[in-house]
Amino acid sequence: MSYIPGQPVTAVVQRVEIHKLRQGENLILGFSIGGGIDQDPAQNPFSEDKTDKVNGWDMTMVTHDQARKRLTKRNEEVVRLLVTRHSLQKAVQQSMMS
């Protein structure tokens, strides 16, 4: 997502709640995690979607490993995400122009 410093930013943010799956004694997310400040954004097919918070923790400047650890904490059965959805932002902007 690009922006001009000093100008207001419009973003579409979505709250997502994920109930982890039980696999034996383990809790799993059921999906792969991509991204992190140490990763190449071109390698992430979902790079337009940014996870801003996980259970209240700021995720905007974390490495891939830090994000993985936060998302897969063993004692958390529910993961609450705050996600900036660039694809939804485009749709909202187009609808406002109509």
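Calculation notes
Residues numbered from 1 in each chain as written. Predicted model: local features only at pLDDT ≥ 70, side-chain atom pairs only at ≥ 80, totals over all residues. Heavy atoms only, no water. Salt bridge = Lys/Arg side-chain N within 4 Å of Asp/Glu carboxyl O. Helix = DSSP H or I, 4+ residues; strand = E, 2+ residues; numbered from the N terminus. Buried < 20%, exposed > 50% of the residue type's maximum accessible area, 1.4 Å probe, protein only. Core = buried A, V, L, I, M, F, W, Y, C linked by side-chain atoms within 4.5 Å. Contact = heavy atoms within 4.5 Å. pLDDT = per-residue confidence, 0-100. Pairing = 2+ DSSP bridges.

## Regarding the pattern of salt bridges
Now for step 1: Here the structure, examined in full by the defined rule, presents four salt bridges.
Now for step 2: In this structure, the salt-bridge partner of Asp65 is Arg68, at a minimum N-O distance of 2.5 Å. Residue Asp65 and its partner Arg68 are located together in helix 1 (residues 64–71), separated by three residues, close to a single helical turn.
Now for step 3: For Asp65, a relative accessible area of 33% puts it in the partly exposed group.
Now for step 4: Here Asp65 and Lys69 are joined by a salt bridge, their closest N and O atoms 3.1 Å apart.

## Side note on the nonpolar core
Now for step 1: Core analysis: the biggest nonpolar cluster contains 10 residues, these being Ile18, Leu29, Val54, Met59, Val62, Ala67, Leu71, Val79, Leu81 and Val83.
Now for step 2: Contributing elements (two or more residues each) for this core: helix 1 and strand 6 (78–85).
Now for step 3: At three residues, the largest contribution of residues to this core is made by strand 6.
Now for step 4: Filtering out sequence-adjacent residues up to four positions away, Leu71 remains in contact with Lys20, Leu29, Ile33, Val54, Val79 and Leu81.

## Overview of the confidence of the model for the protein chain
Now for step 1: Looking at the protein chain as a whole, the pLDDT averages 81, with 76% of positions reaching at least 70.
Now for step 2: The least confident element of the protein chain, judged by mean pLDDT, is helix 2 (residues 86–97) at 67; the most confident is strand 5 (residues 57–58) at 93.

## Topic: the sheet that holds strand 1 (residues 13–19)
Now for step 1: Taken together, four strands build an open sheet; the order of strands is 1-6-4-5 and the sheet is antiparallel. If you trace the sheet from one side to the other, it starts and ends with strand 1 and strand 5, each paired once.
Now for step 2: One ladder, built from two bridges, connects strand 4 (residues 49–54) with strand 5; its direction is antiparallel. Residue pairing across strands places Val54 opposite Trp57, the latter belonging to strand 5.

## Some points on the pairing of strand 4
Now for step 1: Across five bridges, strand 4 lies against strand 6 in antiparallel orientation. If you follow Asp49 over to strand 6, its bridge partner there is Arg85.
Now for step 2: Counting the residues between successive antiparallel strands, the hairpin from strand 4 to strand 5 contains two residues, one of them, Asn55, with a positive phi of roughly 50°.

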